[in-house]
Structures are given as structure tokens and as C-alpha cells.
Amino acid sequence: MKVDLSNDFKEKYRNLMGDRADSLFESIEQASQEAFRLNPLKANYKNVSYSLAQPIPYSNIGYYGAINGNSIDHLSGYVYSQEPSAMYVTELLDPTGNDKVLDLCAAPGSKTTYIASKMASEGLLVSNEINPKRAKVLSSNIERMSITNTVVTNNSPKDFEKKFNNFFDKVLVDAPCSGEGMFRKDPESVKYWSLDYVEQCANRQQHILDSTYKLLNQGGTLVYSTCTFSPEENEQNVAWFLDKYPDMHLVEVKKFPGMEDGRPEWANGNPELKKTLRMFPDRFNGEGHFMCKMVKDGEPEELRERQINDGLKKDDLQLVQKFAKTNLNGLTQNNWLKISDFLYQAASLDNRFKGLHILRNGLKLGEFKKNRFEPDIAWILALKPDELKTVYQLDQEQFEKYLHGESVILSDRPDFDNKWIGLAYQDKLFSWGRFSNKEIKNVYPKGLRR
Ligand SMILES: C[S@@+](CC[C@H](N)C(=O)[O-])C[C@H]1O[C@@H](n2cnc3c(N)ncnc32)[C@H](O)[C@@H]1O
């Protein structure tokens with residue numbers, strides 16, 4: 001595929017890389033490398049219809065291969081499409097269920113969903129996105145991937161500074177960048193590129209990094225990454241950050257074949273910059289990325305959660321209990337939080353979040369309507385089949401009709417009457433169905449219908 005690289009771009013990289021630049025330009029003309037991840041938060045998570053024959057060497061849930069966005073594996077959150085170089089960012093961050101993690105530039109959510117799967121529904125993940133439209137996409141990907149430990153926010157990094165000083169153990173800044181590593185995947189991105197644009201991006205990244213420093217706890221880890229090759233946004237920004245904040249240090253990271261050391265000579269010559277990591281698509285099987293891991297000196301400050309929760313009124317509680325008695329094999333009341341008519345199993349009840357624009361706090365369980373409780377799609381995506389009283393397997397025709405918004409006639413199941421049943425296709429739960437009058441009424445959200 002012909003990608004129209006500008007003369008400025010070519011000249012810049014010829015100056016930086018010499019003869020190697022031609023091999024970089026050629027690699028940008030080749031097809032992009034697709035890959036996907038499995039979702040260990042799911043029951044039988046390896047039970048997918050995609051080939052697992054080509055594992056990615058540095059990820060135990062990543063595989064080379066393309067995903068179809070209409071497949072049940074995708075719709076039910078068993079797989080997430082992510083190009084291979086981006087996967088290594090989460091590996092560097094290495095989040096666990098004991099951490100408080102912030103993903104500051106998180107939409108559409110490929111790294112955040114990987115982070116959450118490593119945290120195994122424990123700890124706290126805050127996934128933030130500044131752009132409102134992109135934040136909605138982030139929130140729906142979090143829902144699709146059965147993630148329950150995450151607060152999704154739509155704020156600027158500065159908004160966190162007042163209340164979250166030294167709060168997070170691990171922060172990911174996957175910065176907005178000039179996107180040179182996206183050129184072959186998204187040829188449109190070539191049009192935005194200019195030498196000035198690179199400078200603007202580098203400047204914006206410095207502002208984001210300034211906020212990040214304040215949010216990171218002592219002893220905490222910061223991973224900074226971009227999907228661009230420009231030294232201004234990479235080594236030069238890391239050099240600037242290390243000079244400005246002397247208690248931050250780069251950490252050595254493992255480099256797999258095809259991953260290269262950062263280039264101190266492209267910044268201020270600080271040999272520490274070799275610890276940063278570069279992937280160029282001519283030597284690495286992926287789109288290309290820059291990433292590095294830094295730690296902040298000092299002993300972690302212990303922070304108390306300042307809880308807010310007014311609890312649930314007796315009437316509301318009874319409605320949920322009634323729903324659970326008919327439809328679930330058990331119910332644990334855990335961090336329940338009612339916001340207007342919606343019930344959440346909150347990922348955090350900390351009042352530091354007050355004042356932020358929250359799109360989702362943990363698992364959305366459902367909505368209180370007149371004298372009844374209706375479960376939310378997020379809940380069924382997070383439930384395991386054995387937690388439900390009734391799971392009904394649709395055949396292919398029924399599945400396609402249901403996705404389309406149609407009801408499914410079932411005249412021989414009087415035992416389903418007035419129940420909320422879990423609908424599955426190929427053993428994967430993907431929606432609730434409300435049974436009444438000999439049919440499974442369609443409750444699949446309009447925005448997800450195909
Ligand atoms: C490279 S993308 C993030 C990709 C994401 N981490 C993923 O893996 O799916 C960078 C994000 O930063 C957001 N952004 C733009 N300007 C920003 C700013 N000033 N502060 C924080 N985030 C910003 C963009 O809207 C974009 O969603």
C-alpha cells in the first residue's frame with residue numbers, strides 16, 4: 001500500500017537514521033500486523049473460535065491474528081483487538097490487584113482493558129479520557145470486557161491534581177502523539193503530520209507529565225508511551241522530565257527480539273535514556289511504539305479511603321433481592337451505590353472522586369423502575385453462567401435475530417415465565433432476555449444492535 005510520506009518526514013528520519021530510514025519507510029508501506037488478546041476475566045476464557053496457534057512471546061494472553069467485530073467472541077468480551085507493540089506497554093506497567101492504578105489517557109481502552117485483566121477484579125483502576133466522545137467508547141469497552149474494578153472518568157489530567165496528590169501506585173501515560181506508528185494502519189493520520197504538529201504534541205505531553213508527577217505516590221511506577229517515532233515526543237521528553245524531577249529514575253526493562261534501546265544521542269546524551277524502549281516496524285512485528293518505565297524515589301505514603309455511601313433504602317433493597325431470588329443463584333451486597341435510579345457495585349466509594357466527571361463507577365447492576373429492578377447489560381457480561389438460575393443457548397438464527405433487536409418465540413418454556421434469563425450463543429453470555437408471554441423479549445441495548 002502506498003503511503004504518502006512527506007518530504008519533511010523523510011528528510012528528518014534520513015538525518016536521524018541514515019540508511020536505516022529507507023527500511024523504516026518500506027515497512028510503513030507494508031500491511032499492518034493485527035493481533036488480539038483473550039480475556040481471563042471470563043469463564044473458560046480460552047474457549048474462542050480464533051486460532052491460538054501464534055502466541056505473542058511477551059504476553060500470555062496475546063496472539064497474532066485478526067478479529068471480526070461482529071463475532072460472538074468480540075461481542076461477549078472474550079477477545080479484544082490490539083496490535084502487538086501496544087501490548088507490551090501493559091506488561092511494563094505490571095499492575096496487580098494490590099495496586100491503585102491510573103490510566104490517564106485511556107480511550108478507546110486497549111491498554112486499560114489489558115491492565116484490568118491483569119488486576120483480576122481487585123485493586124482500583126481509574127481510566128480517564130479527556131475527550132467526551134472517546135470517553136463513552138472507553139466506558140462501553142470496559143463494560144464489554146466484564147471489568148468491575150474501574151472508575152471511568154472524563155477529565156483533564158489537571159482536574160486530578162487537587163485531590164489525588166501522591167495517590168496512585170502505578171500510572172500509565174499513553175500520550176496523545178503525532179501517531180507516526182499509526183501511518184500504515186490509518187493512512188489518514190499522515191495528513192495531520194507536520195514538523196509543527198510534532199512540537200505541539202511534545203509540548204502537550206510535558207503538561208500531562210507535570211500533572212502525572214503529582215499524582216504518583218512515592219515508590220510508584222510511571223510508564224510513559226507513545227505510538228510515534230519522533231525524538232521530541234520520546235527521548236527528549238523523558239530527558240526533560242528526569243531533569244525537572246530528580247527523584248524520578250528510569251528502570252531497566254526486558255527487551256525481546258526486535259525491541260531496541262532508546263537513543264540518548266537523539267536527546268541530551270544522558271546514557272540512562274538507553275533504558276527506554278523503541279519498536280520500529282522494520283525490525284519489530286507490530287506498528288511501532290516508544291515506552292519506558294520510571295519510578296519515584298521514597299516510601300509510599302499510606303492513604304486512607306474517605307468513604308461516602310448513603311446506603312440503599314429498604315424498598316430498593318427489597319426490589320433487588322426479589323430480582324435476585326427469581327434469577328440468580330446468590331447475591332452479595334458489596335459496595336452498592338445508588339446514583340439517581342441506577343445501582344452500581346462501586347469500584348471506589350472514596351470521596352476524592354467528588355467533583356470529577358464520572359461515567360462509570362465499577363459494575364452497573366441495573367436500574368430502579370416503578371416497583372421493579374431491571375438488570376443492566378454490564379451485569380450479565382460480568383456474571384458467570386453458574387451464577388444464574390437460567391441460561392438459554394440461542395441457535396445461530398435466533399442469535400442473529402436477537403442482535404438485530406427481534407424477540408425470540410419459545411412456546412414450550414412455561415418455566416421461564418416472568419424471569420430474566422441469561423442469553424448465550426456458543427456458550428458465551430452476551431445479553432439478558434426478559435421472558436413473558438411465550439417469548440424472550442428483546443432487551444439488547446439499541447446502541448449495540450447489529
Ligand atoms: C494514544 S491515545 C490513548 C490510547 C489508549 N491508551 C489505548 O490504548 O486505547 C491518547 C489519548 O489522549 C487523549 N488526550 C488528548 N489530549 C489530551 C490531554 N491534553 N490530556 C490528556 N489526554 C489527552 C486523546 O483524546 C486520546 O484518547
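Quantities reported herein were computed from a predicted structural model and do not represent experimental measurements.

The rules we used
- Residues numbered from 1 in each chain as written.
- Predicted model: local features only at pLDDT ≥ 70, side-chain atom pairs only at ≥ 80, totals over all residues.
- Helix = DSSP H or I, 4+ residues; strand = E, 2+ residues; numbered from the N terminus.
- Rg over C-alpha atoms; globule rule 2.2 N^0.38 Å.
- Buried ≥ 20, exposed ≤ 12 C-beta atoms within 10 Å, placed from the backbone.
- Near = placed C-beta within 6 Å.
- Nonpolar A, V, L, I, M, F, W, Y, C, P; charged D, E, K, R; others polar.
- UniProt positions renumbered as here; feature names shortened; annotations may be inferred.
- Core = buried A, V, L, I, M, F, W, Y, C linked by C-beta atoms within 7 Å.
- Contact = placed C-beta atoms within 7 Å.
- Pairing = 2+ DSSP bridges.
- Axes fitted to C-alpha atoms, helices over the stretch in contact; angles between N-to-C directions.
- Parallel < 35°, antiparallel > 145°, perpendicular 65-115°, else oblique.
- Left-handed = near helix turned anticlockwise from the far one by under 90°.
- pLDDT = per-residue confidence, 0-100.

Quick word on the overall build of the protein
At step 1: Along the backbone of the protein there are 12 helices and 22 strands.
At step 2: By the compact-globule yardstick of 22 Å for 450 residues, the protein fits well, its C-alpha radius of gyration being 24 Å.
At step 3: Once the C-alpha set of the protein is aligned to its principal axes, its extents read approximately 75 × 50 × 35 Å.
At step 4: Burial statistics for the protein: of 450 residues in total, 44% are counted as buried.

Details of the site of the ligand
At step 1: In the neighbourhood of the ligand, 18 residues make up the surrounding shell, with Cys105, Ser110, Lys111, Asp174 and Pro176 lying closest.
At step 2: At the level of secondary structure, the elements contributing two or more residues to the shell around the ligand comprise helix 5 (110-119) and helix 8 (195-215).
At step 3: Partitioning the shell around the ligand into residue classes produces 9 nonpolar, 4 polar and 5 charged.

Regarding the UniProt feature "domain: SAM-dependent MTase RsmB/NOP-type" (unreviewed entry) in the protein
At step 1: In the numbering used here, UniProt assigns the feature "domain: SAM-dependent MTase RsmB/NOP-type" (unreviewed entry) to residues 1-297.
At step 2: Across residues 1-297 one finds 31% helix and 20% strand; the C-alpha atoms that close the span lie 47 Å apart.

Things to note about the UniProt feature "binding site: S-adenosyl-L-methionine" (unreviewed entry) in the protein
At step 1: UniProt feature "binding site: S-adenosyl-L-methionine" (unreviewed entry): in the numbering of this structure it lies at Cys105, Ala106, Ala107, Pro108, Gly109, Ser110, Lys111, Glu129 and Asp174. These annotated residues cover 70 residues of sequence, and their C-alpha atoms all fall within 12.6 Å of one another, placing them together at a single site.
At step 2: Its location among the elements puts Pro108 in the loop between strand 4 (100-103) and helix 5.
At step 3: Inspection of the secondary structure assignment puts Asp174 in strand 7 (residues 168-174).

Structural notes on the nonpolar core
At step 1: By size, the foremost hydrophobic cluster in this structure holds 116 residues, and its most contacted members are Phe168, Val171, Val173 and Leu215.
At step 2: Sort the elements by how many residues they give to this core and helix 11 (residues 377-382) lands first, with 6 residues.
At step 3: Setting aside chain neighbours within four positions, we find Leu215 in contact with Leu102, Phe160, Phe164, Asn165, Phe167, Phe168 and Val171.

Section: the sheet that holds strand 20 (residues 420-425)
At step 1: A sheet is described by the order of its strands in space; here 5 strands give the open sequence 18-20-21-22-19, paired in mixed fashion. Edge positions in the open sheet fall to strand 18 (391-393) and strand 19 (408-409), since each of these has one partner strand only.
At step 2: As defined by bridge partners, strand 21 (residues 428-436) adjoins strand 22 (residues 439-441) across 3 bridges and the pair is classed as antiparallel. If you follow Arg434 over to strand 22, its bridge partner there is Lys441.

With respect to the sheet that holds strand 2 (residues 62-64)
At step 1: Strand order in this open sheet of 3 strands is 2-1-3, and the pairing throughout is antiparallel. This sheet does not close on itself; its edge strands, each paired only once, are strand 2 and strand 3 (79-81). Each adjacent strand pair in this sheet contributes to an overall mean axis angle of 30°, direction not counted.
At step 2: Summarising the sheet, strand 1 (residues 35-38) and strand 2 pair through 3 bridges and their orientation is antiparallel. Bridged to Ala35 within strand 2 is Tyr64.

Focus: the environment of Ile421
At step 1: Residue position: Ile421 is located in strand 20.
At step 2: The buried category is assigned to Ile421, around which 21 C-beta atoms lie within 10 Å.
At step 3: Along the backbone, Ile421 and Ile358 are 63 residues apart, and their C-alpha atoms lie at a distance of 30 Å.
At step 4: Discounting chain neighbours no more than four positions away, the residues touching Ile421 are Thr390, Val391, Tyr392, Phe416, Gly433, Phe435 and Ile440.

As for the packing of helix 4 (residues 84-93) against helix 5
Helices that pack against each other are described as a pair by the angle of their axes relative to one another and the distance between those axes.
At step 1: Close contact between helix 4 and helix 5 brings their axes to 9 Å; oriented N to C, the two are set at 40°. On the basis of the axis angle, helix 4 is oblique to helix 5. Read as a crossing pair, helix 4 and helix 5 show a hand that is right-handed. For the pair helix 4 and helix 5, contact is made by Ala86, Met87, Val89, Thr90 and Leu93 and by Ser110, Lys111, Tyr114, Ile115 and Lys118, respectively.

Here's the deal with the environment of Gln206
At step 1: Inspection of the secondary structure assignment puts Gln206 in helix 8.
At step 2: Judged by local crowding, Gln206 falls into the partly exposed class, with 16 C-beta atoms found within 10 Å.
At step 3: In the structure, Gln206 is positioned 32 residues away from Val238 in sequence and 9.2 Å away in space, judged by C-alpha atoms.

What about the confidence of the model for the protein?
Residues shown with low pLDDT carry predicted positions that ought not to be read at fine detail.
At step 1: Summing up the model confidence of the protein, the mean pLDDT is 96 and the portion of residues at 70 or higher is 99%.
At step 2: This prediction of the complex comes with two scores: 0.97 for pTM and 0.99 for ipTM.

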